[in-house]
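Residue strings, one per chain:
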Amino acid sequence: MVVLEARGLSKTYRKGPTPVRALDRVDLDIERGRLFAFLGRNGAGKTTFIKIAATLLLPTEGEVLLFDRDVVREPSAARRQMALVPQEGKLFYHLTPREHIREYLRVRGVSAETTKSRTDAILEEMGLLPYQNMIALRLSGGLQQRTLVAMILATEAPFLFLDEPTLGMDPFARRQVWEVIRKATSRGSTVLLTTHYLDEAEQLSDELAVIEGGHILYHGTSEALKSTMGREVRVQFAGTLRPEELASFGKVFAERGRTVVLTTRASVPELTELALARGIEITVGPVALEEAFLELVGRGIEEEE
Amino acid sequence: MSVGSQAYAAVRICYFNGIIPLWRSPLLIAAVFLTPFSFLFFLFVIAPHALFPYGVVGGLLFTALFTGSGMLNDCAYLRLERQLQQVFVASPVSPLGYILGMALSELAFSIPAMALFLGILFLVHPVSALAGIGLVGLLLLTWLMATSLGFFISTLFAQLREIWPIGTLVFSVLAVLPPIFYPATEIPAAWRWVAFLAPSTFAAQLADRLVGLGGAITTGIPFVDTPYFDLAGLLGFALLFGAAALFFARWRER
């Protein structure tokens, strides 16, 4: 069942001297219970899409239906179904994490009893219990962000917009948040997530879209995106080799004094032999989403130019 | 959400955005009280003592009017700096619930200062219980008008730096220049009509009449010289700014 449907969605900002086309006729469907990741460089259009779908911004053209409700014509009906972690959102400096979660749930009309149980649960799941009674002013940036995410996830809203939810968090905290997000989708909530951490998108998403210059360049799974490269293995030489030697194996580039080849599984034995012959240590692993993303977005930019 | 739920949301917003910060930082009370009290002290020193009750009523109205300035700054700060208004927009909370909640928070900050000024008024110029109730009603209407205007202005700008000078300008023009701390008749006759461009003039004249102070502008036009004209003027501005906050404020960006 499709719960978010965007058709011909465009947005042009006309505030500066030249209009900026942030979204250009974007079509997108997101199904219920899926975790959908939106990837793109800064200014690619991710946040503009979220702002329109979350009823914060009016589109220039096109429509977004959330649970069959048009977010422009029926915003109140759409808003009943959603909760949002805004990009770079901050807390009320004078409230504690427990108060943030409790008060936000109460304002949204959640009963006192449910609020109590959800607040206790999310504080524990997000590792916030030791800090639950500290005012936000005294919390680190990562803990503040965790509190904001906890406040939104505790709503158990049918649709969750998470705009860079793990920004500034340490790796442990990120993994805690991932767990809670997974729980939300297993409960039936749908999540639209934007992130610059591609490992996060790879770990979490059922489906993703790559956006560049307001256009969707790719829509599918992370595995399918990686397979579009035609090279599924990353071979890293702990030293420098001449690119001409390796060019026939695939894509070659240098990274922090190492030579990296993105290639096929079949080429691995030959490359291993080459490394042994030269006495260079090699590391073989699967291609990461980041490489596929860089190649795709890079290609998009080249085509534009 | 039903009307009842929205009202409850407003009370809850007032609790966490008004009561809790007051409880944790009681100095906020002094901050609200300080400016009008300074004006009053200044008047006490330089003006004839017969004008002191005008100054006390002025302090009350100034406090009620400056809830609008607080509303403007707080709403702009929550929207632009902390992105928290967005969290409420993308939720079942209606614009009315949010605006009312924020306005109630501002009222919570101002109630201690208003109570102090009311106390001073009862000491220096005793008024009847009925007049006292009327004065409280007038303060509430002034608060509604000022906070509606504050919210409306807060949504018009994209930068905090643009909003601060505008807020200071608007609310200084509303709360300092008009005849709030002094009788309207002190304004030169040729310029008295200008005073009626400010809603605070209507509020001040009505307040002075309620507590039995003279000094309202007389024009010789029957309706204009009555308290009903002042009430109608204040109500008109309150409705205008209320409509601006509810229907023309940018709850959603364009």
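Reading the values: rules and limits
- Residues numbered from 1 in each chain as written.
- Chains lettered and ligands numbered in written order.
- Predicted model: local features only at pLDDT ≥ 70, side-chain atom pairs only at ≥ 80, totals over all residues.
- Heavy atoms only, no water.
- Helix = DSSP H or I, 4+ residues; strand = E, 2+ residues; numbered from the N terminus.
- Buried < 20%, exposed > 50% of the residue type's maximum accessible area, 1.4 Å probe, protein only.
- Areas by Shrake-Rupley, 256 points an atom, 1.4 Å probe, with all protein chains shown as cover.
- Lys, Arg positive; Asp, Glu negative; His and termini not counted.
- Charge placed at Lys NZ, Arg CZ, Asp CG, Glu CD.
- Pairing = 2+ DSSP bridges.
- Contact = heavy atoms within 4.5 Å.
- Axes fitted to C-alpha atoms, helices over the stretch in contact; angles between N-to-C directions.
- Expected span 1.5 Å × (residues − 1).
- Parallel < 35°, antiparallel > 145°, perpendicular 65-115°, else oblique.
- Left-handed = near helix turned anticlockwise from the far one by under 90°.
- Nonpolar A, V, L, I, M, F, W, Y, C, P; charged D, E, K, R; others polar.
- Bend = angle between axes of the 7 residues up to and from the residue.
- Salt bridge = Lys/Arg side-chain N within 4 Å of Asp/Glu carboxyl O.
- Phe/Tyr/Trp six-rings, centres within 6.5 Å; stacked < 30°, edge-to-face > 60°.
- Polar contact = N/O pair within 3.5 Å; in protein donor to acceptor, adjacent residues only side chain to side chain.
- Buried area = accessible area lost by both parts, 1.4 Å probe.

### A look at the overall build of chain A
Consideration 1: Looking only at helices and strands, chain A has 11 helices and 14 strands in total.
Consideration 2: With respect to the three principal axes, the spread of C-alpha positions in chain A is 70 × 45 × 40 Å.
Consideration 3: With 305 residues in all, chain A has 54% of them scored as buried.
Consideration 4: Summed over all atoms, the accessible surface of chain A reaches about 13,500 Å², with 49% contributed by carbon and sulfur.
Consideration 5: For chain A, the distance from the average site of its 39 positive side-chain charges to the average site of its 43 negative ones is 6 Å.

### Digging into the pairing of strand S11 (residues 233-237) of chain A
Residue and element names in this part refer to chain A.
Consideration 1: Burial analysis of S11 places 5 of its 5 residues in the buried class, the great majority of the element.
Consideration 2: Alternating positions in S11 separate into two faces, Val233, Val235 and Phe237 on one and Arg234 and Gln236 on the other, with burial throughout.
Consideration 3: With 5 bridges joining them, S11 and strand S13 (residues 258-263) adopt antiparallel strand pairing. Bridging from a neighbouring strand, Val235 pairs with Val261 of S13.

### Comments concerning the sheet that holds strand S1 (residues 2-13) of chain A
All names here are of chain A.
Consideration 1: The 4 strands are arranged S2-S1-S4-S5 in an open sheet whose pairing can be described as antiparallel. Looking along the sheet, the strands with just one partner apiece sit at the ends: strand S2 (20-31) and strand S5 (69-70).
Consideration 2: The sheet contact formed by S1 and S2 spans 8 bridges and is antiparallel. Across the sheet, Val2 pairs through a bridge with Glu31, a residue of S2.
Consideration 3: The strands touched by helix H1 (residues 46-53) within the sheet are S1, S2 and strand S4 (61-66), with S1 carrying the most contacts at an inclination of about 120°.

### Remarks on helix H9 (residues 199-210) of chain B
Residue and element names in this part refer to chain B.
Consideration 1: Given a rise of 1.5 Å per residue, 12 residues ought to cover 16 Å, and the 17 Å separating the end C-alpha atoms of H9 matches this to within 8%.
Consideration 2: Judged by how many residues are buried, H9 sits mostly within the fold: 10 of 12 residues are covered.
Consideration 3: Contact partners of the buried residues in H9: helix H3 (52-81), helix H6 (129-154), helix H7 (160-175), helix H8 (192-195) and helix H10 (227-248).

### Points about the packing of H3(B) against H6(B)
Residues and elements named next belong to chain B.
Consideration 1: Between H3 and H6, the least distance of the axes is 7 Å, while the angle of their chain directions is 30°. With respect to H6, the axis of H3 lies roughly parallel. Two packed elements cross with a definite hand, and for H3 against H6 that hand is right-handed. Contact residues: Leu60, Leu61, Ala64, Leu65, Thr67, Gly68, Met71, Leu72, Cys75, Ala76 and Arg79 in H3; Leu135, Leu139, Thr142, Trp143, Met145, Ala146, Thr147, Gly150, Phe151, Ile153 and Ser154 in H6.
Consideration 2: Taken together, the residues of the contact of H3 with H6 break down into 15 nonpolar, 6 polar and 1 charged.

### Thoughts on the sheet that holds strand S8 (residues 190-194) of chain A
All names here are of chain A.
Consideration 1: If you trace the 6 strands from one edge of the open sheet to the other, you get S6-S7-S8-S3-S9-S10, paired in mixed fashion. Each having just a single partner strand, strand S6 (82-85) and strand S10 (215-220) make up the two edges of the open sheet. The average undirected angle you get between the axes of adjacent strands in this sheet is 15°.
Consideration 2: Taken together, the 5 bridges between strand S9 (residues 207-212) and S10 define a ladder with antiparallel strand orientation. Of the residues in S10, the one forming a bridge with Leu208 is Gly220.

### Quick look at helix H2 (residues 27-46) of chain B
All names here are of chain B.
Consideration 1: Compared with the 28 Å implied by 1.5 Å per residue over 20 residues, the 28 Å span of H2 between its first and last C-alpha is a close match.
Consideration 2: The largest bend along H2 measures about 40° and falls at Leu34, with the proline Pro36 one to four residues further on.
Consideration 3: Of all the residues in H2, the buried ones are Phe33, Pro36 and Leu40.

### Structural notes on the pattern of salt bridges
Consideration 1: Here the structure, examined in full by the defined rule, presents 33 salt bridges over all chains.
Consideration 2: Between Glu103(A) and Arg12(B) there is a salt bridge, and its shortest N-O distance comes to 2.7 Å. Highlighted residues: Glu103(A) in helix H3 (residues 97-107) and Arg12(B) in helix H1 (residues 3-24), drawn from two different chains.
Consideration 3: On the basis of relative accessibility, which here comes to 17%, the residue Arg12(B) falls in the buried class.
Consideration 4: Residues Glu255(A) and Arg256(A) are paired through a salt bridge, measuring 3.8 Å at the closest nitrogen-oxygen approach.
Consideration 5: One continuous salt-bridge network, built from bridges that share partners, spans Arg21(A), Asp24(A), Arg25(A) and Glu61(A).

### Let's talk about the packing of aromatic side chains
All names here are of chain B.
Consideration 1: In total, this model carries 24 aromatic pairs over all chains according to the counting rule given.
Consideration 2: An angle of 70° between the planes, with centres 5.5 Å apart, marks the rings of Phe44 and Phe52 as edge-to-face.
Consideration 3: Look at Phe44 and you get partly exposed, because its relative accessible area is 39%.
Consideration 4: Among the residues examined, Phe52 registers a relative accessible area of 17% and is labelled buried.
Consideration 5: Geometrically, the ring pair formed by Tyr98 and Trp251 is tilted, given 5.4 Å between the ring centres and 55° between the ring planes. Placement of Tyr98 in helix H5 (residues 95-124) and of Trp251 in the segment after H10 is noted, with a sequence separation of 153 residues between them.
Consideration 6: What makes Tyr98 buried here is its relative accessible area of 1%.

### Details of the side chain of Gln86(B)
Consideration 1: Within the secondary structure, Gln86(B) sits in helix H4 (residues 84-89).
Consideration 2: In this structure the side chain of Gln86(B) is engaged in a polar contact, spanning 3.2 Å, whose partner is the backbone oxygen of Arg79(B).
Consideration 3: For Gln86(B), the residues in contact, after removing those within four places along its chain, are Leu56(A), Leu84(A), Leu78(B) and Arg79(B).

### Some points on the pairing of strand S3 (residues 35-39) of chain A
Residues and elements named next belong to chain A.
Consideration 1: When you tally the buried positions in S3, you get 5 out of 5 residues, the bulk of the element.
Consideration 2: Of the two faces of S3, both are covered, the one formed by Leu35, Ala37 and Leu39 as well as the one formed by Phe36 and Phe38.
Consideration 3: In the sheet, S3 pairs with S8 via 4 bridges, with the strands oriented parallel. In the sheet register, Leu35 faces S8, and the bridge partner there is Val191.
Consideration 4: The pairing of S3 with S9 spans 4 bridges and is classified as parallel. For Phe38, the partnering residue across the bridge sits in S9 and is Ala209.

### Some thoughts on the interface of chain A and chain B
Consideration 1: Each partner contributes residues to the interface: chain A has 39 residues there, and chain B has 28 residues.
Consideration 2: Between chain A and chain B lies a buried interface of about 3,100 Å² when both sides are counted; carbon and sulfur atoms form 59% of it.
Consideration 3: One can count 4 salt bridges joining chain A with chain B.
Consideration 4: With a closest N to O distance of 3.8 Å, Lys90(A) and Glu81(B) form a salt bridge.
Consideration 5: For the pair chain A and chain B, the interface holds 14 residue pairs in polar contact (both at pLDDT 80 or more).

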